Amino acid sequence: MKEKFYITTPIYYPSANFHIGHCYTTIIADAIARYNRFKGKDVFFLTGTDEHGQKIENKAKEANVSPKEYVDEIVSNAKDLWKSLNISYDKFIRTTDKEHEVIVQRIFDKLYEQGDIYLGSYEGLYCTPCESFWTESQLVDGKCPDCGRDVSLVKEESYFFRLSKYQDRLIKMFNDNPEFLQPVSRKNEMINNFIKPGLEDLCVSRTSFSWGIPVSFNLKHVIYVWIDALSNYITALGYMSDNDTLFKKYWPCDLHLVGKEIVRFHAIVWPALLMALDLPLPKRIFGHGWLKIGDAKISKSSNNYQDPRTYVSQYGVDAVRYYVLKEVSFGNDGNFSVEALVSRTNADLANTLGNLVNRTITMVHKYFDGKINYCTNYLDTDTKLLNSVYELVDVVDNKMEELRVSEAISSIFDVLRDCNKYIDENTPWVLAKEGKMERLEVVLYTLLESIRVCAILLQSFIPDTSSKIFEQLNVKDSKYENLKDKVGFSVNQPVVLFKRIEDK
RNA sequence: CGCGGGAUAGAGCAGUCUGGUAGCUCGUUGGGCUCAUAACCCAAAGGUCAUAGGUUCAAAUCCUUUUCCCGCAACCA
């Protein structure tokens, strides 16, 4: 039986259309999902939307539509966006899905019945105009940090989850599983900042708004985001439903991919909920960095971004995919700008990769009418290149295992640069002029073989481009098992993969 | 003193765990080549590794100081 691999993105909050930051998270998840499929695993890739809450309720009111109508519009937009980015998700869950709502209620009931949820009251400093609760330390001069007005102490009846009860088990879990949270440096933050000072019980219901899943036994309350949103990772698989075959097959999750700002909920609240439900914990959580614009974070409210589809239609899906995957290194922030996108596309995709494929295939037609046999009579220079190409398979594999996607891609492009260098060192046009056709064939074979392997490895990141390269190389088999095929080539006509983007 | 991360050529980054001649991509300048998409290859210029001190034969790397930036602090990827 095939090894399974379950990977998730966060479920995004559809209060506005998605921006390039959402795309980054989803593209990196897609690349990891594709890579694991490529390695032969049985992959389940989940994404979706977290659609309840006050903010959506307000937004809908402003737009004079029902909350459901409001999110429907954004979700259909999002699905179109994922399609345009070649996102290969297996399921798109919405927290307004009937199946999800029913199970969330069952989870809430179960936790209540076993005493992990109790009725209490939430007391906090509340700014009425902003409809927000603040902690003491968040206040500026004792006033609301948003609007500067007075806050008042209010009490609201709420259900609470006994998070505090799981404190010791959480600490033990972190210590026993050093790889649980990636990058590892975030572990200290979780333990020092949150767990050690003492976990407070978590408020898991609200009475101040109604756009949410009702508590089944107390309809005044709606279930607050924690249980509603986090549990999507198991409700999507049919946990506690009539058909839980997916759940049995894929849980526990292999990788929850999340942005660094929600690491805490996934590293503390989610494991505690799972402990309460007596379920195995996810194997790994990766808190990635952000794409920023200049020094600013991308924000739905500040309008410093365009619809990502603009970039896709203008520069191509793989230009966008390549850019975000390459730009953000492991766990750190990256930058987004159109200038950098153009420069990266030209330098790497058009020049290094595109031009290499083009010049190689052109020579194969020019000197050999498109046909090159499998060769074995290598010189050192050939062996050196081919060895680095075959070693690349393991290099990429190790990097991907560590979730170092950017470095995995870089290592492929290093080899592509070596290919360009190899051409200049071996000057095929001189060999042709001197009539050394046997040597020339070995050189061109070495290049075609190198390109073939690189294209196979690039599939997870820029799938469309890899397909185009296979088409030109006339290569049919691009699976993991085909990496070391020994084949001759009968290539098709060269087609430009990426046109250079000229200044507008 | 809330917790954590960061500051390295003009730009974007790696290197820091495990101290040993400061590296990559882009950009700039010069040269080469002509198979190719103004491409490709070679070379050069350009850095007191944020700051001040300490440990050491030796510090970008370890310890401490200061400054600035970012994230978290009950939900913006």
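Residues numbered from 1 in each chain as written. Chains lettered and ligands numbered in written order. Predicted model: local features only at pLDDT ≥ 70, side-chain atom pairs only at ≥ 80, totals over all residues. Heavy atoms only, no water.

J.: How do you make sense of the overall build of chain A when you look at a structure like this?
T.: In terms of helices and strands, chain A carries 18 helices and 18 strands. C-alpha extents for chain A along the principal axes are approximately 90 × 50 × 40 Å. Of all 504 residues assigned to chain A, the portion counted as buried reaches 56%. Residue pairs in contact within chain A that sit at least 24 positions apart in sequence constitute 77% of those at least 6 positions apart. Total accessible area on chain A is roughly 22100 Å²; 47% of this is exposed by carbon and sulfur atoms. Averaging the coordinates of the 62 positive side-chain charges in chain A and doing the same for the 69 negative ones gives two points 2 Å apart. (Helix = DSSP H or I, 4+ residues; strand = E, 2+ residues; numbered from the N terminus. Buried < 20%, exposed > 50% of the residue type's maximum accessible area, 1.4 Å probe, protein only. Contact = heavy atoms within 4.5 Å. Areas by Shrake-Rupley, 256 points an atom, 1.4 Å probe, with all protein chains shown as cover. Lys, Arg positive; Asp, Glu negative; His and termini not counted. Charge placed at Lys NZ, Arg CZ, Asp CG, Glu CD.)

J.: Which parts of the structure should I look at to understand the packing of helix α2 (residues 54–63) against helix α3 (residues 67–84)?
T.: Pairs of packed helices are described in terms of their axes, by the angle between the two and the distance that separates them. In contact at an axis separation of 8 Å, α2 and α3 are set at 95 degrees when each is read in the N-to-C sense. Judged by the angle between their axes, α2 and α3 are roughly perpendicular. On α3, the residues that touch Ile-56, Lys-59, Ala-60 and Ala-63 of α2 are Pro-67, Tyr-70 and Val-71. Here the contact of α2 with α3 is built from residues that sort into six nonpolar, no polar and one charged. (Axes fitted to C-alpha atoms, helices over the stretch in contact; angles between N-to-C directions. Parallel < 35°, antiparallel > 145°, perpendicular 65-115°, else oblique. Nonpolar A, V, L, I, M, F, W, Y, C, P; charged D, E, K, R; others polar.)

J.: Hey, could you run me through helix α4 (residues 98–113) in this one?
T.: For α4, which comprises 16 residues, the first-to-last C-alpha distance of 23 Å matches the rise-based estimate of 22 Å (1.5 Å per residue) to within 8%. Of the residues making up α4, those classed as buried are His-100, Glu-101, Ile-103, Val-104, Ile-107, Phe-108, Asp-109 and Leu-111. Gly-115 sits one or two positions beyond α4 and adopts a positive phi of about 90 degrees. (Expected span 1.5 Å × (residues − 1).)

J.: What exactly am I supposed to notice about the confidence of the model for chain A here?
T.: Atomic detail in the predicted coordinates should be set aside for any region of low pLDDT. Chain-level pLDDT for chain A is 88 on average; 91% of the residues reach the 70-or-more range. Predicted as a complex, the structure gets a pTM of 0.93 and an ipTM equal to 0.90. (pLDDT = per-residue confidence, 0-100.)

J.: When you look at the sheet that holds strand β9 (residues 205–206) in this model, what are you seeing that I'm missing?
T.: Two modes of strand pairing occur in sheets, parallel and antiparallel, and in both the strands are linked by backbone hydrogen bonds. Strand order in the open sheet formed by three strands is β9-β11-β10, and the pairing between neighbours is antiparallel. A single partner strand is all that each edge strand has here, and the edge strands are β9 and β10 (213–215). As paired strands, β10 and strand β11 (residues 218–223) are joined by three bridges and run antiparallel to one another. Counted as the bridge partner of Ile-213 is Ile-223 from β11. Strands β10 and β11 of the sheet are contacted by α4, whose axis makes an angle of about 25 degrees with β10. (Pairing = 2+ DSSP bridges.)

J.: Whenever I open this one, the pairing of strand β12 (residues 255–259) confuses me. Can you help?
T.: Along any regular strand, the residues point their side chains to alternate faces of the sheet. The buried fraction of β12 amounts to five of the five residues, a majority that puts the element mostly inside the structure. Taking every second residue as pointing to the same face, both faces of β12 are buried, with Leu-255, Leu-257 and Gly-259 on one and His-256 and Val-258 on the other. In terms of handedness, the path from β12 via helix α10 (residues 263–276) over to strand β13 (residues 285–288) forms a crossover that is right-handed. (Right-handed = clockwise from strand over helix to strand, strands pointing away.)

J.: Can you help me understand the side chain of Thr-352 in this one?
T.: Tracing the sequence through the fold places Thr-352 in helix α13 (residues 338–368). By relative accessible area, which is 9% here, Thr-352 ends up buried. A distance of 3.0 Å separates a polar side-chain atom of Thr-352 from the backbone oxygen of Ala-347. With residues near it in sequence (within four places) discarded, Thr-352 still touches Ala-347, Phe-413, Leu-416, Arg-417 and Asn-420. (Polar contact = N/O pair within 3.5 Å; in protein donor to acceptor, adjacent residues only side chain to side chain.)

J.: I keep staring at helix α5 (residues 167–176) and nothing clicks. Help me out?
T.: Think of an α-helix as 3.6 residues a turn; residues three or four steps apart then line up on the same face. When α5 is considered as a whole, its buried residues turn out to be Gln-167, Leu-170, Met-173 and Phe-174. Buried residues in α5, looked at end-on, bunch into an arc of 125 degrees, giving them a common side. Residues Asp-168 and Lys-172 are exposed on α5 and point more than 90 degrees away from its buried face. (Arc of directions from axis to C-beta.)

J.: For this particular structure, what's the right way to read the environment of Val-395?
T.: Inspection of the secondary structure puts Val-395 in helix α14 (residues 380–401). In this structure the C-alpha to C-alpha distance between Val-395 and Lys-486, which are 91 residues apart in sequence, comes to 21 Å.

J.: What's the story with the state of the cysteines in this structure? I'm lost.
T.: Chemically, a disulfide is nothing more than a covalent bond linking the sulfur atoms of two cysteines. Tallying each qualifying case throughout the model produces zero disulfides. Here Cys-454 is not cross-linked by a disulfide; its sulfur's nearest cysteine counterpart is in Cys-419, at 5.6 Å. The class for Cys-454 is buried, based on a relative accessible area of 1%. (Disulfide = S-S within 2.5 Å.)

J.: Can you help me understand the side chain of Thr-49 in this one?
T.: Looking at where Thr-49 falls in the secondary structure, it is placed in strand β2 (residues 42–49). For Thr-49, a relative accessible area of 1% corresponds to the buried category. A polar atom in the side chain of Thr-49 sits 2.6 Å from the side chain of Glu-51. If near-sequence neighbours (up to four positions away) are discounted, Thr-49 is found in contact with Ile-11, Tyr-12, Pro-14, Phe-18, Val-75, Phe-92, Ile-93, Arg-94 and Thr-95.

J.: Which parts of the structure should I look at to understand the packing of aromatic side chains?
T.: Where two aromatic rings form a pair, the distance of their centres and the angle of their planes describe that pair. The full count for this structure, using the stated rule, is 30 aromatic pairs. With a centroid separation of 5.4 Å and an interplanar angle of 70 degrees, the aromatic rings of Tyr-12 and Phe-18 are classed as edge-to-face. Each member of the pair, Tyr-12 as well as Phe-18, carries the same accessibility label: buried. Aromatic rings pair up to connect Tyr-6, Phe-44, Tyr-233, Tyr-239, Phe-247, Tyr-250, Trp-251 and Trp-270 into one cluster. Seen from the ring of Tyr-224, Arg-206 lies directly overhead, with NZ or CZ sitting 4.3 Å from the centre. (Phe/Tyr/Trp six-rings, centres within 6.5 Å; stacked < 30°, edge-to-face > 60°. Lys NZ or Arg CZ within 6 Å of the ring centre and 35° of its normal.)

J.: Please explain unusual backbone geometry as it appears in this structure.
T.: Trans is the prevailing form of peptide bonds, just as negative phi is the prevailing case for residues other than glycine. Along the chain, Trp-251 connects to Pro-252 via a cis peptide bond; the corresponding omega equals 5 degrees. For Pro-252, the location among the structural elements is in the loop between α9 (245–250) and β12. The backbone of Asn-86 shows a phi angle near 60 degrees, a positive value even though the residue is not glycine. With relative accessibility at 23%, the residue Asn-86 sits in the partly exposed group. Positive phi outside glycine occurs at Asn-474, with the angle close to 60 degrees. Among the structural elements, Asn-474 can be located in the loop between α18 (463–473) and β18 (489–490). By relative accessible area, which is 31% here, Asn-474 ends up partly exposed.

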